[in-house]
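# Structural description and commentary
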Amino acid sequence: MLLSASILSADFARLGGAIREAESAGVDWIHVDVMDGQFVPNITMGPVIVQACQRSTGLPLDVHLMIHEPIRFLPAFEKAGADTITVHVEACTHLHRTLQAIRDLGCSAGVALNPATPVEAVGDVLDLVDLVLVMSVNPGFAGQSFLPSSLPRIRRVRQMLDEAGSQAHLQVDGGLTAETAPAAAEAGARVLAAASAIFMHPDGVAAGVRALRQTVEPSLTK
Ligand code: DX5
Ligand code: ZN
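Computed from a prediction, not measured in an experiment: that's the story for all the values here.

Take the side chain of histidine 31 next. With respect to the helices and strands, the residue histidine 31 is situated in strand β2 (residues 29-35). One polar contact links histidine 31 to aspartate 62, side chain to side chain, over a distance of 2.8 Å. Among residues more than four places away in sequence, those in contact with histidine 31 are Ser4, Ala5, Ser6, Ile7, Asp62, His64, Gln171, Asp173 and Ala193.

Shown next, in the form of structure tokens:
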């Protein structure tokens, strides 16, 4: 199981320190939530923050673009140091071209699904992706509750990937805590993105990471 720590709940006044704490606690990736105030009702960060993350850590940067027509900004994020760039099915007029453009830049390509989007929407691009992200909240904010309706969706994507013989990562993002993460793992998630459970844990980042890992690792079936 890979843990991707979303900096959305980190203290931006000391971002480098927060990222280094997550790295020492053993997270695998750093998840950067980019929002444009149009695709989602919030505005967060852009390439300059990705660049700042790159200066703070050697961990892979998992950049989640919640922006309209992300194809416009792919080179800027690649240049800033993104390793994986994930775009939303709902935000791309030309999804196929967008995913190809990510790979042409040398990045890993991810495709994300909002909770109401049929998972079949990614069926025809599985050969173009290195990661499928099933959102388990409506994107826009950290700290929301996990939607249980995501569980059958995670299972269906797992099945689609297995049937296609795809090695793509199956990522789940939103509302993951020590309570909800085991069900997501059991449904087939192999990358968990979490903000609050890591950066807002009352006993600190290391305790947050430990709590998540302890609950998901026993439930691993493959
Ligand atoms: C939601 C973002 C998530 C968010 C997760 O729009 O894509 O990555 O930061 O936050 P938590 O883990 O607090 O639900
Ligand atoms: Zn995210």
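Listed as protein donors to the zinc ion (ligand 2) are His31 (NE2), Asp33 (OD), His64 (ND1) and Asp173 (OD); their distances from the metal cover 2.1 to 2.3 Å. One can describe the site at the zinc ion (ligand 2) as octahedral: its 6 donor atoms subtend angles covering 71 to 170° at the metal.

By size, the foremost hydrophobic cluster in this structure holds 74 residues, and its most contacted members are Ile7 and Leu99. If we ignore the near neighbours within four places in the chain, the residues touching leucine 99 are Val87, Ala109, Gly110, Val111, Val125, Leu128 and Val129. Core analysis: the second largest hydrophobic core is formed by 7 residues, Trp29, Ala112, Val137 and Val191 among them.

Near ligand 1, the surroundings consist of 19 residues, among which Asp33, Gly140, Asp173, Gly175 and Ser196 are the closest. For ligand 1, an oxygen atom lies 3.4 Å from a polar atom in the side chain of histidine 31. Glycine 175 places a polar main-chain atom, nitrogen or oxygen, 2.8 Å from an oxygen atom of ligand 1. A total of 380 Å² of accessible area belongs to ligand 1 in isolation, and the protein chains cover 99% of it. Counting only elements with at least two residues in the shell around ligand 1, the list comes to β2 and β3 (61-66). Residue contributions to the shell around ligand 1 peak at 3 residues, all from β2. When its residues are assigned to classes, the shell around ligand 1 shows 9 nonpolar, 8 polar and 2 charged.

Rules of the game
- Residues numbered from 1 in each chain as written.
- Chains lettered and ligands numbered in written order.
- Predicted model: local features only at pLDDT ≥ 70, side-chain atom pairs only at ≥ 80, totals over all residues.
- Heavy atoms only, no water.
- Helix = DSSP H or I, 4+ residues; strand = E, 2+ residues; numbered from the N terminus.
- Polar contact = N/O pair within 3.5 Å; in protein donor to acceptor, adjacent residues only side chain to side chain.
- Contact = heavy atoms within 4.5 Å.
- Donors = N, O, S within 2.8 Å, 3.2 Å for Na, K, Ca; no water.
- Tetrahedral: all angles 85-135°; square planar, octahedral: opposite > 155°, others 65-115°.
- Core = buried A, V, L, I, M, F, W, Y, C linked by side-chain atoms within 4.5 Å.
- Buried < 20%, exposed > 50% of the residue type's maximum accessible area, 1.4 Å probe, protein only.
- Near = heavy atom within 4 Å.
- Areas by Shrake-Rupley, 256 points an atom, 1.4 Å probe, with all protein chains shown as cover.
- Nonpolar A, V, L, I, M, F, W, Y, C, P; charged D, E, K, R; others polar.

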